[in-house]
Amino acid sequence: MTANAELHKARDGQGLRGFSNLFGKESRAWWGTHRWWVNGLLWTGVLCGLTAIMLFLPNEEVFAASAAEVALAGGETAYTLWIGLNIFFEFGVSLLAIGTVVLSQDLIIGERHSGVAEWLLSKPVRRHAYIWAKVTANALPVLLLLVGLPSIVTYGIASLRLGMPFPVRPFLSGVGIMALNTWFYLSLTLMLGTLFNSRGPILGVALASILGGGLLGGFIEPLFWTTPWMLPKVAWLTATGQTISAEMRLSALVATTVWSAAFILVALMQFEKTEY
Amino acid sequence: MKQLDAFVIETDNLSKSFEEVHALRAVNLRVPRNSIFGFLGPNGAGKTTLMKLLLGLARPTSGSGTIFGLDIVTESVAIRERIGYLAQQPRFIEQLTARENLVFTAKFFFSGPPAKIRARCDEMLELVGLSDKADRPIKGFSGGEKQRLGIALAQVNYPDLLILDEPASALDPLGRQAVLDVMARLRKHTTVFYSTHILDDVQRVSDTVAILNRGQLVAGGPIEQILRGTEGVVYSVGVKGRSDGLGTRLARLPWITQAMVAQRNGTSVWQVSVSDEKTAERELLRQVLADPSLTVVEFNRKRYDLEEVFMNIVRGDGHDG
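These remarks concern the structure in this document. Just so it is clear, the structure is predicted and the values come from calculations on it, not from any experiment. (Residues numbered from 1 in each chain as written. Chains lettered and ligands numbered in written order. Predicted model: local features only at pLDDT ≥ 70, side-chain atom pairs only at ≥ 80, totals over all residues. Heavy atoms only, no water.)

1. Section: the overall build of chain B
A tally of helices and strands in chain B yields 11 helices and 16 strands. Projected onto its principal axes, the C-alpha coordinates of chain B cover approximately 80 × 45 × 40 Å. Within the span of chain B, comprising 321 residues, buried residues form 51% of the whole. Put simply, 70% of the contacts in chain B that link residues at least 6 apart link residues at least 24 apart. Accessible surface, chain B as shown: approximately 14600 Å² in total, 49% of it carbon and sulfur. Looking at charge distribution, chain B has the averaged site of its 40 positive side-chain charges lying 2 Å from that of its 38 negative ones. (Helix = DSSP H or I, 4+ residues; strand = E, 2+ residues; numbered from the N terminus. Buried < 20%, exposed > 50% of the residue type's maximum accessible area, 1.4 Å probe, protein only. Contact = heavy atoms within 4.5 Å. Areas by Shrake-Rupley, 256 points an atom, 1.4 Å probe, with all protein chains shown as cover. Lys, Arg positive; Asp, Glu negative; His and termini not counted. Charge placed at Lys NZ, Arg CZ, Asp CG, Glu CD.)

The structure is reproduced here in structure tokens:
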């Protein structure tokens, strides 16, 4: 019989009691199962595959482009890269947002419905620790596998098409914007998981933002300055070194960062109040 | 020091409402240290709600409560450090094996050394008789095995208090017996506070009982006291022969509070309620035998079973309301 005195007490600070164990559990759900390689393969395959098709196969858009457009890009190869990277960044940012919502919509309500959350919270666990474990342990694989891995492969493909290394700084900036947008939808989905009891509203709100946001911003332009809805275009323009209003870019980035932080804050507050 | 108090759980007018529904109404509960405390009530009486309040899973609408002298609202994490909880339908991480679930749970309390944590988990598996299934995924477990694993998970930190919500209600008789055996084995280590509506289980393992009905605590105390019923000490006397005068004679005795007769198969069965148990033990039979025309065919102190007491209390409470 092992007495309690022979065991070392859990080390988490009182403010985040239970975090490391919950973080381990969330991480195991990714890295301890086939989930990590399935997602890594899927998103890399889809995004890089589409980008490669645009870069290496004869492209209608390039044939149809005017001489002025090609000249503006800096030549046919550069124009082809614009078109290819448009798929990766502009289409990819939205696609990854959808992927993030689908992957994370069940993280909180799934455990609330199944009773697992109640069981976990009957242990010496702070509710803040529960939310932070969800956020951090899921952000890591989502950003690495959905954003990081396809970006590395795409950089290689773009460099191959260019015949020399693609400029790193603009490309990394575009990837950073893509990551920020993905982080926004992860935090939004987690927050919605604390506010609603069913998957419908979570998917509805998040997908409406992804698919309808750009349309709404077209009617009410200030929305582009205060939401992430402009980020797909901003990511593409930034990565390909095209001109973009610095104010608009900064405003959209700051707004998205603030929104994401606010979502996490609301999730923490709401989860603290939730009763089981 | 508060830890040395006689009561592990104390509540003071603890209440919980969900909009217009009063799930708990001013509950004052005292759970003695090292008792097996059976918390009884019909479905919907508020048993699970009370447990959730104690665990910090819900907040009281009014009133207060302490466990080990710690406040259930503001010091909930410190309380949960020292308790184990089994929900009515225990949940686990289904992808993990029984042993992995135990290690995962143990890590909420302990950070190492790994070998000792593993030894503790093995000991828990042994306690609930699941050592041979330790490395099987939970998905294939029967209801009884899941319930026993739930108890092992609740006990993995050697809690000072074990809270079990209907631990045996969904099990077949064998599974129920296994769970009750485990509870009985834990008696010497911890205080067990468990809810149930299976009265037979309570009578088998509990030493203290409380009855909750429609959100109110309607009875409570040591099980012997509860089994005495609400009518005090009652003797049952069966006599043959004309017993018309017996009632008048008994009514004159100051230690007899009530005497009622019913006919059963040619026998008059008297239910005699007494106020002085000692005198009754000594004198009652003599008083009856004083009439030579009567033959006493049975004489015993009336024993209630818990079901009878429970039904009386719950029905009586229902009529009052």
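On we go from here.
2. Concerning the interface of chain A and chain B
The interface is formed by 35 residues belonging to chain A together with 35 residues belonging to chain B. Regarding the contact of chain A and chain B, the summed buried area is about 3300 Å², with carbon and sulfur atoms giving 54% of it. Put simply, chain A and chain B have four salt bridges between them. Put simply, Arg 17 of chain A and Glu 81 of chain B hold a salt bridge, and the shortest N to O gap is 2.6 Å. At the boundary of chain A with chain B, the tally comes to 18 residue pairs in polar contact (both at pLDDT 80 or more). Those elements that provide at least two residues to the side of chain A that touches chain B are β1 (8–9), α1 (19–31), α7 (116–121) and α13 (246–273) of chain A. When residues of the side of chain A that touches chain B are assigned to their parent elements, the largest contribution, five residues, is made by α7 of chain A. Among the residues making up the side of chain A that touches chain B, the classes are represented as 12 nonpolar, 10 polar and 13 charged. (Buried area = accessible area lost by both parts, 1.4 Å probe. Salt bridge = Lys/Arg side-chain N within 4 Å of Asp/Glu carboxyl O. Polar contact = N/O pair within 3.5 Å; in protein donor to acceptor, adjacent residues only side chain to side chain. Nonpolar A, V, L, I, M, F, W, Y, C, P; charged D, E, K, R; others polar.)

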